[in-house]
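# Results of the structural survey
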Amino acid sequence: MLRKSLSFLVVLLACACTTESPSRPVSAPVQLQVPTLINDSRGEVSATVRAVVDGRTIELESGERVQISQLAQPADCWAAGARTFAEKWLLAKRVRVSAMTPGEVNLRLDDGTDYALLAVKEGVLRAQDAAGSLAEAELAAARDDRGLWGAPCNGMDATPSSSATTTSPSVPARQPESSAPVVTTTQAPPVVVTTQPPPAPPCAVSYRLDSQWQGGFQAQVTIRNTGRTAITGWALRWTFADGQTVRDMWNASASQRGSAVTATAAGHNQTIQPGGEASLGFLGSVRGRNTQPDTFTLNGATCTTT
């Protein structure tokens, strides 16, 4: 009897061990949302450029049309050159893009080169709100007359228009046939026109190099009113011969296109009375020679140089 009970107990234990455990529910696969470049990307995305619209606008393989940040609108006179440059470096190439604002991206070439910096450095496009390395790249391109800083743009936003005047050869009028006698008239003697000498320039400018070091210099420019009336709201212009650039100016505000510099009066020295003077100073950059400019114009009038 004891043996039968033990056998029955063993059978019960064996059945309990082979009973299947309840199955666990299988979770559905998680759907991963692929981020779009413009709205959802938080880092760099590798993409292929499918088309080039202009020097700063491209179309990606996804069909998104984006604008490269930090680049200004291509100049009219260099639009074709900017597009050719973009096609050379971007068309059908893998690039790395990161979203800035909707429709605008930072763009790097596959080797890590910043495309905006490359385009500004080569003078293909101007920087938008240039600062830091972009400002330095733009100054270097202007100094070397690269791309739109050379002919035909010369740093301007549009090609200067040139008009040619064609003079048609004059055809002598046909005299009507007549039997009337020909009357000969005596021409009056030619009028002698005396030319007055041009008036003396209303200004005199002196340019003084205060100090110079490797790659830079400091200069001072003095304007003297030699006319009889006050000069108000002046703008002084000159051109450097050796690619110098103005870095910082005081007592006037400076702008430079290529080698041409314009210094505009500050608020406290807008007016120069007859016999009076106004001075300005600046720090400049130079490579090699530092020839002093010898021609200055004040409000369009050429000044004497002292």
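A brief structural summary. (Residues numbered from 1 in each chain as written. Predicted model: local features only at pLDDT ≥ 70, side-chain atom pairs only at ≥ 80, totals over all residues. Heavy atoms only, no water.)

Here helix 4 (residues 133-143) has its buried residues at Leu 134, Ala 137, Glu 138, Ala 140, Ala 141 and Ala 142. Where helix 4 is buried, its residues contact helix 3 (115-121). (Buried < 20%, exposed > 50% of the residue type's maximum accessible area, 1.4 Å probe, protein only. Helix = DSSP H or I, 4+ residues; strand = E, 2+ residues; numbered from the N terminus. Contact = heavy atoms within 4.5 Å.)

Only one face of strand 3 (residues 65-68) is covered, namely the one carrying Val 66 and Ile 68; the face carrying Arg 65 and Gln 67 has none of its residues buried. Here strand 2 (residues 57-60) runs beside strand 3; their pairing, made up of three bridges, is antiparallel. When the bridges of strand 3 are listed, Thr 57 appears paired with Gln 67. Two successive antiparallel strands, strand 2 and strand 3, enclose a turn made up of four residues, where Gly 63 displays a positive phi of approximately 95 degrees. Sheet analysis places strand 3 next to strand 5 (residues 104-109), joined by two bridges and oriented parallel. By the bridge assignment, Gln 67 is partnered in strand 5 with Glu 104. (Pairing = 2+ DSSP bridges.)

So, on to the side chain of Thr 262. Tracing the sequence through the fold places Thr 262 in strand 12 (residues 260-265). Side chain to side chain, Thr 262 and Arg 237 meet in a polar contact 3.4 Å long. Leaving out residues up to four positions away in the same chain, Thr 262 has contacts with Ala 235, Leu 236, Arg 237, Ser 253, Ala 254 and Ser 255. (Polar contact = N/O pair within 3.5 Å; in protein donor to acceptor, adjacent residues only side chain to side chain.)

Next up on the list: the sheet that holds strand 6 (residues 203-213). Pairing within the open sheet is mixed, and its five strands lie in the order 10-14-7-6-17. Whereas interior strands pair on both sides, the edge strands pair on one side only; in this sheet they are strand 10 (245-250) and strand 17 (304-305). Sheet topology places strand 10 next to strand 14 (residues 277-285); five bridges connect them, and they run antiparallel. Considered in strand 14, the bridge of Asp 248 is made with Leu 283.

Take the side chain of Ser 285 next. Looking at where Ser 285 falls in the secondary structure, it is placed in strand 14. For Ser 285, a relative accessible area of 18% puts it in the buried group. In this structure Ser 285 touches Gly 215, Gly 216, Phe 217, Gln 244, Thr 245 and Arg 247, once residues within four positions along its chain are discounted.

Spanning twelve residues, helix 2 (residues 79-90) covers 16 Å between terminal C-alpha atoms, matching the ideal 16 Å at 1.5 Å per step. Every buried residue of helix 2 is accounted for by Ala 82, Phe 85, Ala 86 and Leu 90. Summarising the axial view, the buried residues of helix 2 lie within an arc of 100 degrees, below the 170-degree limit, and thus occupy one face. Opposite the packed face of helix 2, turned more than 90 degrees from it, sit the exposed residues Ala 80, Thr 84 and Lys 88. Directly after helix 2, the chain includes Ala 92, whose backbone phi takes a positive value near 60 degrees. (Expected span 1.5 Å × (residues − 1). Arc of directions from axis to C-beta.)

Let us now look at the pairing of strand 7 (residues 216-225). Where burial is concerned, most of strand 7 is hidden: seven out of the ten residues are buried. Taken together, the ten bridges between strand 6 and strand 7 define a ladder with antiparallel strand orientation. The residue bridging Ser 206 from the neighbouring strand is Thr 222, located in strand 7. Between strand 6 and the antiparallel strand that follows it, strand 7, lie two residues; Gly 215 among them carries a positive phi value of about 85 degrees.

Moving on to the sheet that holds strand 9 (residues 235-239). On the basis of which strands lie adjacent, the open sheet formed by five strands has the order 11-12-9-15-16 and antiparallel pairing. Either end of the sheet is taken by a strand with one partner, and the two such strands are strand 11 (252-257) and strand 16 (301-302). Bridge analysis of strand 11 against strand 12 gives six bridges, and the strand direction is antiparallel. Paired with Gln 256 across the bridge in strand 12 is Val 261.

Below, the discussion takes up the packing of aromatic side chains. Scanning the model with the defined rule gives nine aromatic pairs in all. Ring centres of Tyr 207 and Phe 282 lie 6.3 Å apart, and the angle between their planes is 55 degrees; on these two criteria the pair is classed as tilted. With Tyr 207 in strand 6 and Phe 282 in strand 14, this residue pair connects regions lying 75 residues apart in the sequence. Its relative accessible area of 9% is what places Tyr 207 among the buried residues. (Phe/Tyr/Trp six-rings, centres within 6.5 Å; stacked < 30°, edge-to-face > 60°.)

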